[in-house]
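What follows is the residue order along each chain.
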Amino acid sequence: MATSPSEIPSLRKDGVGERPFHRLLVANRGEIAVRIIRACRDLGIEAVAVYSDADVDALHVRLADDAVRLGPPPPSESYLRIDAIVEAARSTGAEAIHPGYGFLAERAAFARAVERAGIVFVGPPSATIDALGDKLHARRLARDAGVDIVPGTLEPVAVERPDQVSTIVAEAEAIGYPVLVKAAAGGGGRGMRRVARAADLPAALVAGSREADAAFGDGRVYLEREIAPARHVEVQLLGDADGRVVAVGERDCSLQRRHQKLVEEAPAPGLDRDARRRLHDMAVRIGRAAGLRNAATAEFLLDPDGAFHFLEVNTRLQVEHGVTELVAGIDIVTEQIRIAAGQPLSVELLRAAEQAVEPMGHAIEVRLTAEDPARGFTPTPGRVTRWRLPSGPGVRVDTGLEEGDRIAPEYDNLIAKLIVHGPTRDAALARLRRALDEIEVGGVQTTVPFHRFVAADPSFRAGRLSTAWVDERWDGAADYQRAARLAQLAAGVVARRDGSTTGAAVTRAVTRAGPGPSTAAAGDGGWLRAGREAAVDRWPR
Amino acid sequence: MSAAPGDPLDPGDPGLAATDPAAIRVTVTAAAGRPEVPALVIDGRATDVTVTGPDERGRAVVTAGGGSGGEGAGEPGGERRAVLFLDPSPRPGGSADGIIRREVVVGGWRVEVEIEGNRRAALRERATRAREAVAHGGPTEVRAIIPGRVLSVSVVAGDDVVAGQQILAIEAMKMQNELRAPRDGRITRVAVAADQTIEVGDLLVVIE
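Computed from a prediction, not measured in an experiment: that's the story for all the values here.

Novice: Can you explain the overall build of chain A? Please cite residues and give values.
Specialist: What chain A contains, in helices and strands, is 19 helices and 23 strands. When burial is assessed residue by residue, chain A has 59% of its 541 residues classed as buried. A separation of at least 24 residues holds for 66% of the contacts in chain A among residues at least 6 apart in sequence.

Have a look at this one:
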């Protein structure tokens with residue numbers, strides 16, 4: 001039924017069927033670098049990897065046809081070095097650069113440097129990244145396109161101007177508390193603060209602005225009303241050089257912890273055909289207004305009354321693009337590469353866009369991260385001593401990690417994406433439970449227990465989703481306690497049976513990640529949890 | 001916290017004499033009247049936990065809580081879980097202390113378990129109690145539990161702090177973590193400075 005690209009007659013000189021590029025450089029690491037290298041292979045393109053000293057032996061380096069060292073592990077000395085990456089592309093003869101997500105993916109300066117070097121940037125043009133990366137500009141653009149936006153300011157707030165404090169407080173009052181302080185340069189949740197009362201606003205603005213400045217070199221912040229409870233729903237957009245912009249489906253990314261997405265699914269449960277069409281239309285309108293080319297995602301909040309409020313546009317490949325690929329039967333990364341080479345949107349993609357309001361099947365992605373879900377999702381860098389991943393019908397795993405690898409503290413702690421697909425949401429959930437049961441991971445604590453809970457939880461199964469779901473439903477400490485008890489029993493029984501202890505055996509579950517007895521005496525790491533309450537938020541990617 | 005009598009997963013056994021509430025005692029005794037049949041006693045109660053394995057790759061199956069007797073172990077109705085036994089990652093301080101350490105993974109939870117003989121454990125518990133009695137009201141050493149870089153230090157030696165007050169900001173895994181005082185007290189030592197790179201276990205501050 002599906003026509004393979006090679007059978008489609010070429011409509012133009014640079015049309016479908018030709019290899020878009022001979023060589024492409026992947027300016028990223030981890031699972032997304034592996035994902036892009038695989039797309040290159042599928043298209044017959046040679047892939048060039050880049051790496052830091054922490055990633056010399058990483059999977060993405062090994063899979064690539066060529067690899068260039070960027071520098072020491074800190075991102076600022078490796079994966080964020082625009083000059084080094086452009087030079088790596090030049091020296092290896094790469095005609096295009098795919099930035100993945102994170103790092104330089106949404107830095108217009110990077111796209112510009114790539115364009116100026118005569119290399120193709122696989123993503124929207126630098127001008128579009130600039131325009132949409134400025135969240136304030138995006139808000140104004142959406143409003144002008146007739147799309148409802150989250151209530152808030154349209155201009156940056158004057159931070160560190162004591163004389164302006166009363167004006168700012170009045171503005172916040174008009175928007176309505178609680179408000180969120182957000183960075184105009186956006187991304188990763190950095191610079192974001194929730195403020196419940198006027199007294200906390202000035203400090204939050206200063207802290208948010210400082211953090212935004214440190215993260216993006218741009219301290220501008222703005223205010224937005226917090227919509228709660230809300231669902232986070234986003235639309236996958238693709239546009240080509242002919243000015244065609246289509247929506248190929250939406251994703252529900254409501255399960256978040258401190259604005260970090262944990263679970264994503266497509267389609268969004270409970271939307272009827274009309275709501276879906278309305279949502280996709282709004283997203284396409286924003287994409288057209290922005291002159292979108294290549295891939296982007298329009299993010300919305302869905303309030304309890306069924307109204308969508310535009311949040312922002314991400315001008316890059318999303319972490320969770322895989323769920324849309326499975327439901328729509330498309331390959332977003334190869335599509336991106338073809339578009340970058342000047343080819344029009346593929347026939348498969350246009351067909352998927354036509355069917356997007358009546359999706360077939362359901363896909364769910366869980367993000368396996370090196371975080372402790374019993375301790376407020378504290379990062380748990382370390383060496384992975386056991387790593388067995390699931391497979392079988394309807395199961396896709398995207399990872400860049402291998403057994404024996406060290407999860408470096410310098411980078412994002414996403415270690416694998418488990419994506420399941422089935423004819424219905426219930427079928428997908430059953431596959432998720434099955435796949436999670438097959439995972440074996442040791443050496444570092446991961447979010448596997450949390451995802452097992454989600455997959456078995458009746459309210460998740462019923463589709464009762466909200467961005468507050470995790471805090472309301474998940475009691476990680478209690479779940480851990482029960483597992484620890486069983487682990488102790490098992491260890492004690494085995495020790496007695498093997499005769500490794502004489503007489504009775506005593507087993508204890510020791511404090512994880514604890515460096516020694518003195519910290520345990522200081523309250524079992526409670527200080528860090530307290531710190532996390534006020535810790536930096538990470539906005540969904 | 002109510003569980004069926006004899007449920008080995010119920011941590012709330014009032015008869016538990018161990019001073020360390022997190023410890024579990026596992027004893028093998030002879031079944032009543034049948035000295036050739038070993039019976040498993042956990043925290044003073046006869047129970048029926050069976051462990052099949054672990055095999056060469058550390059895979060085991062644990063069945064627990066199916067009944068309350070030493071016989072009929074592993075019957076249906078109990079909790080049956082796949083368990084992974086792994087060698088633990090090396091810890092600071094070495095392991096030549098007679099304690100066996102295992103990393104046991106249950107349902108994705110990574111539990112570091114220490115196993116030692118009953119008698120040795122009793123001695124250790126006594127020593128720990130004595131140490132805690134001293135430590136109570138004594139200085140608290142706040143140490144790093146994640147590696148990273150110190151962004152800023154908000155206190156100096158001599159400052160009085162209250163529980164929850166910010167002490168340091170640390171950048172780890174792209175995030176800024178604000179570390180707060182675990183208790184009220186006075187800062188007697190600040191062991192780190194801004195921009196310093198820290199490793200797990202490094203002393204950060206001392207509160208007295």
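Novice: Explain the overall build of chain B to me, using residue names and the numbers behind them.
Specialist: Scanning chain B from terminus to terminus reveals one helix and 16 strands. Considering only contacts within chain B whose residues lie at least 6 apart along the sequence, 42% involve residues at least 24 apart.

Novice: Describe the sheet that holds strand β6 (residues 179-183) of chain A, with residues and values.
Specialist: Strand pairing in a sheet relies on backbone hydrogen bonds. The paired strands run either parallel or antiparallel. All names here are of chain A. If you trace the three strands from one edge of the open sheet to the other, you get β7-β6-β8, paired in antiparallel fashion. Lying at the two open borders of the sheet, with one neighbouring strand each, are β7 (193-195) and β8 (221-225). The sheet shows a mean angle of 30° between the axes of neighbouring strands, direction not considered. In this structure, β6 lies alongside β8, joined through five bridges in antiparallel fashion.

Novice: I'd like a description of helix α12 (residues 347-354) of chain A, backed by residues and values.
Specialist: All names here are of chain A. Along α12, the residues that are buried comprise Leu349, Ala352 and Ala353. An end-on view of α12 places all buried positions within 100° of arc, on one side of the element. Where α12 is buried, its residues touch β9 (231-239), β10 (245-257), α10 (321-328) and α11 (332-340).

Novice: For unusual backbone geometry, give the residues involved together with the corresponding values.
Specialist: All names here are of chain A. With omega at -5°, the peptide bond leading from Tyr177 into Pro178 counts as cis. Mapped onto the elements of the fold, Pro178 is located in the loop between α7 (165-175) and β6. With an omega of -5°, the peptide bond between Ala228 and Pro229 qualifies as cis. Summarising the element assignment, Pro229 is placed in the loop between β8 and β9. With phi around 40°, Phe103 is a residue other than glycine that occupies positive phi space. Positionally, Phe103 belongs in the loop between β4 (96-98) and α4 (108-116). Its 21 C-beta neighbours within 10 Å are what place Phe103 among the buried residues. Positive phi, close to 75°, is recorded for Asn294, a residue that is not glycine. Structurally, Asn294 is set in strand β12 (residues 294-302).

Novice: I'd love a proper account of the confidence of the model for chain B, names of residues and values included.
Specialist: Averaged over every residue, the pLDDT of chain B is 72; the share at 70 or more is 63%. ipTM for the predicted complex: 0.84, alongside a pTM of 0.80.

Novice: Account for the packing of helix α13 (residues 425-438) of chain A against helix α14 (residues 448-456) of chain A, naming residues and giving values.
Specialist: Residues and elements named next belong to chain A. Interaxial distance between α13 and α14 falls to 9 Å at its minimum, and their mutual angle equals 150°. In terms of their interaxial angle, α13 and α14 are classed as roughly antiparallel. As for the relative orientation of α13 and α14, their crossing is left-handed in sense. Touching Leu429, Leu432, Arg433 and Leu436 of α13 are Val448, His451, Arg452, Ala455 and Ala456, all from α14.

Novice: Pulling in residues and values, what's your account of the pairing of strand β2 (residues 46-52) of chain A?
Specialist: All names here are of chain A. The element β2 is largely enclosed, with a buried count of six among its seven residues. In this sheet, β2 lies alongside strand β1 (residues 23-26) in parallel orientation, the contact comprising four bridges. From the neighbouring strand, Val26 faces β2, where its bridge partner is Ala49. With helix α1 (residues 30-43) bridging β1 and the parallel β2, this β-α-β connection has right-handed handedness. The sheet contact formed by β2 and strand β3 (residues 66-71) spans five bridges and is parallel. Looking at the pairing, Ser52 lines up with Gly71 of β3.

Calculation rules
All chains use their own residue numbering, which begins from 1 and follows the written sequence. For naming, the first written chain is A and the first written ligand is 1, with later ones following in the order written. Given that the model is predicted, a residue must reach a pLDDT of at least 70 before its local features are reported, and side-chain atom pairs must reach 80 or more before they are shown or counted; all residues, however, enter totals for whole chains, interfaces and linings. Each helix is a run of H or I in the DSSP string that is no shorter than four residues. Each strand is a run of E no shorter than two, and both are numbered from the N terminus. Exposure classes come from backbone-placed C-beta atoms, where a residue is buried if 20 or more other C-beta atoms lie within 10 Å of its own, exposed if 12 or fewer do, and partly exposed in between. This entry defines residue contacts through backbone-placed C-beta atoms, with two residues in contact when those atoms are within 7 Å. Strands are treated as partners if at least two bridges between them are detected by DSSP. Helix axes are fitted to C-alpha atoms over the stretch in contact, other axes to C-alpha atoms as well, and angles between N-to-C directions run from 0 to 180 degrees. The directions from the helix axis to the C-beta atoms form the arc being described. pLDDT is a per-residue confidence score from the predictor, ranging from 0 to 100. Should an angle lie under 35 degrees it is considered roughly parallel, over 145 roughly antiparallel, and from 65 to 115 roughly perpendicular; all remaining angles are considered oblique. Take the far helix as your reference; a near helix turned counterclockwise from it by less than a right angle gives a left-handed crossing, and one turned clockwise gives a right-handed crossing. By convention, orient the strands away from the viewer: a clockwise path from the first strand over the helix to the second makes the crossover right-handed.

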